[in-house]
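Observations on chain architecture
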Amino acid sequence: MAIGLTSERSRSDAHWAAEQRVIGPGLQAVMLWSKLCVERAEGAMLTDADGHEIVDFQGAGGVNSIGHSHPRYVAALAAQLTATPAGAFGSPARLDMVNALRRVLSAPLDRIQLYSGGTEAVEAALRLAKSVTGKHEFLSFWGGFHGKTMGSLALTSGARAGLGPLPAGFFSAPYANCYRCPLKLKSPSCGFACVDLARDVIKRESTGAFAAIVVEPVQGRSGNVVPPDGYLAALKEVAEEFDALLIADEMMTGFGRTGAPMAYQHEDVTPDIVTVGKGMGGGYPVTGVISTAAHMSAAPFSDPSASSSSFGAFPMACRAVAATTDVLVEEDLAEHARKLGAELLELLRPLVDEAPLVGDVRGLGLAIGIELVADKATKETVSGQVLRETFLALLRAGVLVMTGGNTLRLYPPLNVDADLAREAAGVIRATLTGGSR
């Protein structure tokens, strides 16, 4: 199979130009850089308007968990579309979803409320934490991304310029990013000094109304930063010290992406609240908040209409979650992601020594980050122009990736064929080293 942009892109360029007559600014950078027009998609392969074949290692930022156009998924949604596509009443689709989710949810986190976007679910999680604790302050982490509405934006790092003032009661601390430790320490000899600092931030900044710690088990937009083992458990202890909750934002990491049904399951710790999305719907816009029955019963969150969403529990969303979850479980995709992700990391880690621009390669399951640096000794980040040129070089070679900060982020479907994934890794290595595959 020949992959890559091997000829002109006249149809794609014309299509893009036509769209831009109406579409407003602010699209994702990789969309603006690539001007990609996808006409067909199957599994991990994309075909653009000019007939070029491209390996999809972007996966819509981790959304494409079961591959494009999975036959079971297509059949399920097509059937639902001709039955009852709209409305939030009880439905066979919702009952099927509940039964499917029981295969991946574990006690005590056995209740879910559905939403239609990630930031909406994060806002709901904040309201739930306030309802449970009666408090209103939150700690998040440098490099984290949780959304773009007011509460979730206040949790988010590096996306606030020109958007102030932000709500009061939000403060932040360094994440356990060991490649770029702001404390200039090394794990594990540091003894989780960053967690100790987070504890001190709460002590110094809180007014006594601290409700929850909000954390990504793996930081996605910062480049799939994987903290050391025991990090979530240490944060859980801090939360308990302040009679607060631990909220795990698993929008990116949930539903098999990291090689476990939920990323927090890699540790012996259970968060109080989990937000999920992206991969749970296989491409349909659906997200959720998962917690315990006791927490979900807290008012005002539990009051009629207080935690609802216009589109959250529509039959199409429920059917998408049910179909995706069944495929994830029955095809054992979390285990496939664990094994294949470890293999891809082994193939890509030599880039730290081989490629002039690569400072770090890390990941968990099929969430992999390749951090680009201008200087390996100082870890100075590459310019935006270099990041763009590297992204486009990979695209021309036939592999579409995601970016974040100065990092290339890889999110292939969890059921990607192993041989195709190895071929894509070879393309990445060849492109970044300037060699041939």
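Our subject is the structure listed above.
A brief look at the structure comes next. (Residues numbered from 1 in each chain as written. Predicted model: local features only at pLDDT ≥ 70, side-chain atom pairs only at ≥ 80, totals over all residues. Heavy atoms only, no water.)

Details of the overall build of the protein chain
Of regular secondary structure, the protein chain possesses 15 helices and 16 strands. For the protein chain, the spread of C-alpha atoms along the principal axes amounts to about 60 × 60 × 45 Å. The buried share of the protein chain, reckoned over its 437 residues, is 53%. Here the contacts in the protein chain between residues at least 6 apart in sequence split such that 74% fall between residues at least 24 apart. (Helix = DSSP H or I, 4+ residues; strand = E, 2+ residues; numbered from the N terminus. Buried < 20%, exposed > 50% of the residue type's maximum accessible area, 1.4 Å probe, protein only. Contact = heavy atoms within 4.5 Å.)

Details of the environment of G230
As for its position among the elements, G230 is in the loop between β7 (210-215) and α9 (231-241). In this structure G230 comes out as partly exposed when scored by relative accessible area, which is 24%. For the pair G230 and F192, spaced 38 residues apart in the sequence, the C-alpha separation amounts to 9.0 Å. What G230 contacts, discounting residues up to four positions off in sequence, is F192 and E267.

As for the sheet that holds strand β10 (residues 287-291)
Taken in spatial order, the 7 strands line up as β4-β10-β9-β8-β7-β5-β6 in an open sheet, and their pairing is mixed. Of all strands in the sheet, those bounded by a partner on one side alone are β4 (111-115) and β6 (170-173). On average, each strand axis in the sheet is tilted by 20 degrees relative to the strand beside it, whichever way the strands run. Docked against the sheet, helix α6 (residues 118-133) engages β4, β5 (137-141), β6, β7, β8 (245-250), β9 (273-276) and β10, running at close to 25 degrees with respect to β10. On top of the sheet, α9 reaches β5, β7 and β8; it is set at about 170 degrees to β7, its chief contact. (Pairing = 2+ DSSP bridges. Axes fitted to C-alpha atoms, helices over the stretch in contact; angles between N-to-C directions.)

So, the sheet that holds strand β2 (residues 45-48)
Across the sheet, which stays open at both edges, the 4 strands sit in the order β1-β2-β3-β14 with mixed pairing between neighbours. Each edge of the open sheet carries a strand with a single partner, namely β1 (38-42) and β14 (399-400). Of the pairings in the sheet, the one linking β1 to β2 comprises 4 bridges and is antiparallel in character. Within β2, the residue paired with E42 across the bridge is M45.

Regarding the side chain of T253
As for its placement among the helices and strands, T253 is situated in the loop between β8 and β9. Its relative accessible area of 2% is what places T253 among the buried residues. Here E250 takes part through its side chain, which lies 2.7 Å from a polar atom of the side chain of T253. (Polar contact = N/O pair within 3.5 Å; in protein donor to acceptor, adjacent residues only side chain to side chain.)

Details of the layout of surface pockets
Approximately 490 Å³ is the volume attributed to the second largest pocket. Together, 21 residues line the second largest pocket, and M97, V98, R111, I112 and Q113 are the ones closest to its centre. Every element with two or more residues in the lining of the second largest pocket is listed here: α5 (92-101) and β4. Of the residues belonging to the lining of the second largest pocket, the class tally is 11 nonpolar, 6 polar and 4 charged. (1 Å grid on protein atoms, 1.4 Å probe; cavity = no way out; pocket = protein on both sides within 12 Å on 5 of 7 lines; lining within 4 Å. Points joined across faces, edges and corners; volume = space filled by probe spheres on them. Nonpolar A, V, L, I, M, F, W, Y, C, P; charged D, E, K, R; others polar.)

Topic: the pattern of salt bridges
Counted according to the given criterion, the structure contains 19 salt bridges. The residue R103 makes a salt bridge to D326 at a minimum N-O spacing of 2.9 Å. In this pair, R103 is assigned in the loop between α5 and β4 and D326 in helix α11 (residues 315-330), connecting sequence segments 223 residues apart. Given the relative accessible area of 17%, D326 is considered buried. For R362, the salt bridge is made with D360, and the minimal N-O distance between the two is 3.0 Å. (Salt bridge = Lys/Arg side-chain N within 4 Å of Asp/Glu carboxyl O.)

Topic: unusual backbone geometry
That bond from A107 to P108 is cis: its omega, 5 degrees, falls within 30 degrees of zero. Considering the arrangement of structural elements, one finds P108 in the loop between α5 and β4. Residue P165 is bonded to the preceding G164 through a cis peptide linkage, with omega at 0 degrees. Assignment of secondary structure puts P165 in the loop between α7 (150-155) and β6. In this model, K184 sits at a positive phi of 60 degrees, which is unusual for a non-glycine residue. Its place among the elements puts K184 in the loop between β6 and α8 (193-205). In this structure, F192 is a non-glycine residue whose phi angle is positive, near 55 degrees. The residue F192 is located in the loop between β6 and α8 in this model.

Considering the pairing of β10
In terms of burial, β10 is largely enclosed, as 5 of its 5 residues are buried. Neither face of β10 is left uncovered, since the one carrying T287, V289 and S291 and the one carrying G288 and I290 both have all their residues buried. By the bridge criterion, 5 bridges tie β4 to β10 in an arrangement that is antiparallel. Considered in β10, the bridge of R111 is made with S291.

Topic: α8
Here α8 spans 18 Å end to end across 13 residues, near enough to the 18 Å set by a 1.5 Å rise per residue. Where α8 is concerned, the buried positions are A193, C194, V195, A198, R199, V201 and I202. Where α8 is buried, its residues meet β5, β6, β7 and α9. (Expected span 1.5 Å × (residues − 1).)

What to know about the state of the cysteines
One pass over the structure, following the stated rule, counts 0 disulfides. Cysteine C178 shares no disulfide, and the gap to the nearest cysteine sulfur, in C190, comes to 6.2 Å. Relative accessible area serves as the criterion here: at 39%, C178 is assigned to the partly exposed category. (Disulfide = S-S within 2.5 Å.)

Geometric descriptors of this kind do not, in isolation, establish any biological role.
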